Each structure stands twice: as C-alpha cells, then as structure tokens.
Amino acid sequence: ALESAAAAVFDLLLHMLSSPQSSVTLLRTLGGSAHSLDRFGARVFLAATGHRFQHWGRIILSLMNSTELSVRSMAVDFFVSLIGGAFNDIGSIDAEMTCILTVMPEVVAREIALYNVSGLLHTMDDVESCLWPLRRALADVEDTNPLDDDRIDPQIMPSIRTLCRTGQAIIDGVFIEMRLCCSGSLDLEKIMIAQQQAFEAKSRCIGTGVNKIFDADEESLFEATNYFSSEGSLSQKLRWLLTLRDLHVTKNQWLEAAEALVHCARAVIESFDFIVNHWRPSQFDLWNDYRRSPWLSSIRISQGPRDHDNMAVMDFAKSFLEPGIGLPSRPSMDDLCSLFDNLVDDTLSAYTKEDGLEELAYAQFEELLSVVSDEIKSNTQKNRHDLLSPLRRVRATICTKISSLTNHGSCKSFSGVSQRYVRVILSGAKPDRFKESTTIPTFLEWSVASICRVTQATLSKAEKIMKENPLLSDEECICLAYAEPFVKSFRKTNGDHDSIVLRTRGIYNDLHTESGKTYIDVRVVQMRGVAKYSGGTRCFKSRRFYLRCDGPSQSSSKKVDITEFTVANRFPHVTSRQRNLITSEIKQFLS
C-alpha cells in the first residue's frame, strides 16, 4: 500500500516536472519532490518508480541544464538527496548511476535540439555553450562536502566523483559524435541521419569541425567506455568504443583503431555469461505522446511541418540514445557471435592499414584466444553446455585469423622499433584554449609531460623533412613533423609567430625561457620493456619510456642524463597519448 501511494505521488510529480512551467512552479514542484523523497525514503522511491526511474533521471538532468540558477540549484539538491538516500538505504548506487548515465546522451541531444528550435544554435561552439549549465551542475554535485551535508556518507564520495566525471565525458562524447557526423554547417537533420547509420558503416567520415588539435576527445571517450561494464551495459560500452574507433580512423591512427576493436571483441566475450542481464532504456512517453502531453505541439521549428516539430526533436534525441551497433533489443548468442565475427574482421583490416603491425595483431589474437579458451574450460566445469557451442565458434573465428597471419609469413617482418614515441611538454605563456572554457578540455596539461605515439603519416612527413634538410637527425625530423600541427594552431590563435617557440633539443629543466612566449618541447623517447605472450610471440608493449641526453662535463668524463617516464597503461593503447605519472632522473658519468 505504501509503494502504491508513493507511485501515485511520484507519477504526479514527474508529470508536472516534465511540462513547461514557470521557474516558481518548478521550484515548488522540486521542493515537493524532495519532501516526498524524504518522507517515503529512497528505498520506497526506487521500488515505487521501478523501470520509470530512468524517466526521473531524464527529468532531473534536463532541469540541471536550466538557465535559471534557482531551478538548477534545486535540481542539484534533489539529485544529491536521491543518491545519498539510496546509498544509506541500499548500500550502493551503481545501478542508479548506470541508469542515469545511459539516458544522458538522449537528454543532451534533446537539449541541443530544443535550443536549435529556438534559433540559438549556429555553430558547434554554440552547441558546446548550451550545455554549460549541466556541466556546472555536475561540478556542483561533485563538490558536495560530507562535512557540511549530512545526507552524504563520506564513503560515497568516490562514486559521486566517478558519476560526475563520467557524465562530463559523456557530454564530450555527444559533441564528438556530432562533429564526426557534421560536414560543415550545423544541420541537425543530417547529423541525425548520419548518427542512425553510424555503426552500420565501417566508420564515420571526418567533418570540418573535428580537427581540434588539443581536444581531449580520445580521453573523454575512453573514460565513458571504462565506466560501463560488459555484464549489464554491453551496448553502451560498444557504442563509445566504436565512436573512439571512428575518431582514430579520421586521424589515420589505425593501430589505436585496432586496439579499440580488440577491446570491443573482449567485451563481447565477457558478456556471454550475462546475456540475460542486458538492459536497454525505454521511451519516455511524456516526451513523445501528444495525448498525454498536449503541450508538445507548442514546440515549433521554423522550417518544416508543424505536426512534426516535436517528432523531429525526439528523433534527433533518440539517435543518440542507443545508436545501432548490430544488436537487437534482446540479443541471443548467435547475435553476439555474429557481432564478434564482424569485430574480428574489422580488427584484422585495421592492423593491415599500417606497416609493421602484423606481429602485434598476431599477439592480440593469441591473447583473445587464451581468454576464450579459459571461458570454455570454466563453462565446461560448470556444465554450462549452452555456452560451449558459441564459444567454440568464437575460438574457430580467432584461429582462422591467426592462421591467415601465419600463412602469409607476415608476423616475422615486425620490428619493435617501428613504433616511435615522443614526449611533449607545453610551457610558458598560456593561450586562451588552455584556460577554462565550455569546450572539451585539453589532453595536454600545462607544464606536464605526455607520451604520444607517432603515426605512420607523421613518420612519412618526417622523411620528407629529412630529404629537404639532410643535416637534421632523424629524431629532430620526427619532432618537427609531430609538432607542426601544434605550432600552426598556436600561431593561428595568437597571431604572433615569434611568441611560439619549438624546442627539440636539450634538457627541459635546463632550457632558458622568456616571459610572454609559449614553448613546445618535443623529444623522441625510447620504449623500455618487452611483453611476452604465449607461443613464443613477442611484441613491444610497455608503460615505461626513457630519454637520454648527452651533455658536457667539467671533468674528463662524459655526462649522461637519463629521464624515465611511466604512464598508466601499456602502449600501444586504445588512446594515442597518455600523461606521464612518474618521472625518474638518473645522472651518470662515462669515462
């Protein structure tokens, strides 16, 4: 009886919050919702809302993007009460976080479409600015202090930070998907069509607005990917991994694109045991049904038929909720096996786009084969015979690819030194791009070293530079080729060519600097360590890199400075660059 009463109350409040109201009415309704939540408790609220909790997530996120500060603040307060109460009553907010983050792309896309209806969007910069209130609201949630707010248990703070950081990354991901689908002018209808067909094609084409040199687009997509698990959110995990794959393809980073596809294949294998837990969001009737929400007819687009106005908005929003990745709403084992076959084919194709990646491909397929073999052994012991046939089919697919690599004799042509990496440090005067803004954050942190992989296209450019300047070393040519886009971007922004200085020699800490100038320090680094795989196959993968600098010494011996950099994940990785975590310096004298 209590849950029935709570369901009736919260359904009424949800209906009121979803309709266009004045800020005063929304404040009072949010206040009533917070009071009801406090009276019924989070446990009863979650039980009463059930599958409709996703709709509450949609509404609260929409209100958190309100331009009215009072409404936004009250929505943040309700959100904090909800997650704090859920943790206190249940002990975990993982399911609620996953639900909210799953519907967030639809909310973000709907907000963009509604701003477009009002004629406020003309460029991608306008699109990024219209989500600034939601970004600010998520930052306010993350800044919640358990010492000042008794609703929040200190133990929940890591989960809240993860929720907010992932939410910011998902907003970035929607922007990136729009840029991948945008071919110049901001046309939401064309973006919607391209987004609906995004994963049916092998990859999306690059738009003119995608090439933003310093955007942390790879890092944002990877963070969104890491949150979702293969057990219950396979569609979302694959969605962001495939978007990351498409982003790498637009940059001709085929090794990273192949690594993203390997992550996809591994996620599919891990999901076999949990196919019954595959959850998909449903449609929100109050945003789509004109009979339940007559006010929807008031949404008007200046161009187009009147009776399709809100339909166009929601079609655009739905295209970002769950883009088609080749899985039905209730996937079967055959569906997962077919998806895995396609992913393996695309992975092998991506590895062949760059020279010298055959042994790495061989090692990755061997690693996948090991994972599948372990799954077959485990399910045999558990008498899970329903999974053995699909797993054996997957194993046969991997063996076929390994056989094709071996028959061509390609795996013997690889040399670990074919992959080149550089250390990049930006210092000096900060350009406006590296100051706080509403755009995607930068992947390079000021005055902090980052390790970046050099693509084959950049190496080809370095060869041309060496032919034109035979006195330069090969490492200097690689540094010049890699830094060229950075230099052009800074000079285009600043307008003063003399204020941008590129340095490819010397020890960073010993170099002279001048005020008012921006310095780009690029040096080639060497990879340390070799990872060994089964079957005797070896492939260079490491988290450690070193930089050696020979310098003069006052004594007769020669001074050698070696700086070692350590990153979080082993290269080659699904991202082409990583910030340095640990720096170790070694100074020695050689006689």
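Here, every reference points to the structure presented above.
Small disclaimer: the values here were computed from a predicted structure and weren't measured.

**Q** Sorry, what's going on with the packing of helix α9 (residues 157–181) against helix α12 (residues 234–250) here?
**A** The geometry of a pair of packed helices is captured by two quantities: the angle between their axes and the separation between those axes. Interaxial distance between α9 and α12 falls to 11 Å at its minimum, and their mutual angle equals 50°. Taken together, the axis directions place α9 and α12 in an arrangement best described as oblique. In this structure, α9 meets α12 at a crossing whose hand is left-handed. Along the contact surface, α9 presents I170, G173, V174, I176, E177 and L180, while α12 presents R239, W240, T243, D246, L247 and T250. Broken down by class, the residue content of the contact of α9 with α12 amounts to six nonpolar, three polar and three charged.

**Q** Explain the pattern of salt bridges here, please?
**A** Side chains that differ in charge, positive against negative, can pair when their charged atoms come close. Scanning the model with the defined rule gives 31 salt bridges in all. Between D11 and R52 there is a salt bridge; the shortest N-O distance is 3.1 Å. Highlighted residues: D11 in helix α1 (residues 2–18) and R52 in the loop between α3 (42–49) and α4 (53–64), separated in sequence by 41 residues. Of the charged contacts, one joins D77 and R151 as a salt bridge, the two residues approaching to 3.1 Å between their closest N and O atoms. One end of the pair, D77, is in helix α5 (residues 69–90); the other, R151, is in the loop between α8 (132–142) and α9, with 74 residues separating them in the sequence.

**Q** How should the packing of aromatic side chains be read in this particular structure?
**A** Here a ring pair, both rings aromatic, is described through the centre-centre distance and the interplanar angle of the planes. Applying the stated criterion across every chain yields a total of 18 aromatic pairs. Between the aromatic rings of F10 and W56, the centroid separation amounts to 6.0 Å while the plane-to-plane angle is 85°, which identifies the pairing as edge-to-face. Placement of F10 in helix α1 and of W56 in helix α4 is noted, with a sequence separation of 46 residues between them. By relative accessible area, W56 is classed as buried at 2%. One aromatic cluster is present, formed by F10, F40, F45, F53, W56 and F78 through successive ring pairs. Between the NZ or CZ atom of R239 and the centre of the ring of W240, over which it lies, the distance is 4.2 Å. Here the guanidinium or amino end of K353 rests over the ring plane of W254, the centre of that ring lying 5.4 Å away.

**Q** Honestly, the side chain of T166 in this entry has me stumped. Any pointers?
**A** Within the secondary structure layout, T166 lies in helix α9. There is a polar contact of 2.7 Å between the side chain of T166 and the backbone oxygen of T162. Residues within four places of T166 in sequence aside, it is in contact with L101, E223, A224 and Y227.

**Q** What's the story with unusual backbone geometry in this structure? I'm lost.
**A** Omega for the peptide link from F571 to P572 comes to -5°, which places this bond in the cis form. By the element assignment, P572 lies in the loop between β8 (558–571) and β9 (577–579). For N252, which is not glycine, the phi dihedral falls at a positive 60°. Topologically, N252 is positioned in the loop between α12 and α13 (254–270). The phi dihedral of S447 is positive, around 65°, even though this residue is not glycine.

**Q** I keep staring at helix α10 (residues 188–196) and nothing clicks. Help me out?
**A** Think of an α-helix as turning once every 3.6 residues; residues three or four places apart then point the same way. Within α10, the full set of buried residues consists of L188, I191, M192 and Q195. Angular distribution of buried residues about the axis of α10 spans 100°; they occupy a single face of the element. Exposed and oriented more than 90 degrees from the buried face of α10 are E189 and K190. Residues of α10 that are buried sit in contact with α6 (94–117), α9, α12 and α14 (309–321).

**Q** Just checking my understanding: could you explain the pairing of strand β1 (residues 420–428) for this structure?
**A** Along a regular strand, successive side chains alternate from one face of the sheet to the other. Counting buried residues in β1 gives eight out of nine residues, a clear majority hidden from the surface. In this structure, β1 lies alongside strand β2 (residues 450–454), joined through five bridges in antiparallel fashion. Residue pairing across strands places R420 opposite V454, the latter belonging to β2. Note that β1 and strand β4 (residues 518–528) share eight bridges and pair antiparallel. Residue V424 lies in a different strand from β4, and its bridge partner there is V522.

What counts, and where the lines are drawn
- Residues numbered from 1 in each chain as written.
- Predicted model: local features only at pLDDT ≥ 70, side-chain atom pairs only at ≥ 80, totals over all residues.
- Heavy atoms only, no water.
- Axes fitted to C-alpha atoms, helices over the stretch in contact; angles between N-to-C directions.
- Helix = DSSP H or I, 4+ residues; strand = E, 2+ residues; numbered from the N terminus.
- Parallel < 35°, antiparallel > 145°, perpendicular 65-115°, else oblique.
- Left-handed = near helix turned anticlockwise from the far one by under 90°.
- Contact = heavy atoms within 4.5 Å.
- Nonpolar A, V, L, I, M, F, W, Y, C, P; charged D, E, K, R; others polar.
- Salt bridge = Lys/Arg side-chain N within 4 Å of Asp/Glu carboxyl O.
- Phe/Tyr/Trp six-rings, centres within 6.5 Å; stacked < 30°, edge-to-face > 60°.
- Buried < 20%, exposed > 50% of the residue type's maximum accessible area, 1.4 Å probe, protein only.
- Lys NZ or Arg CZ within 6 Å of the ring centre and 35° of its normal.
- Polar contact = N/O pair within 3.5 Å; in protein donor to acceptor, adjacent residues only side chain to side chain.
- Arc of directions from axis to C-beta.
- Pairing = 2+ DSSP bridges.

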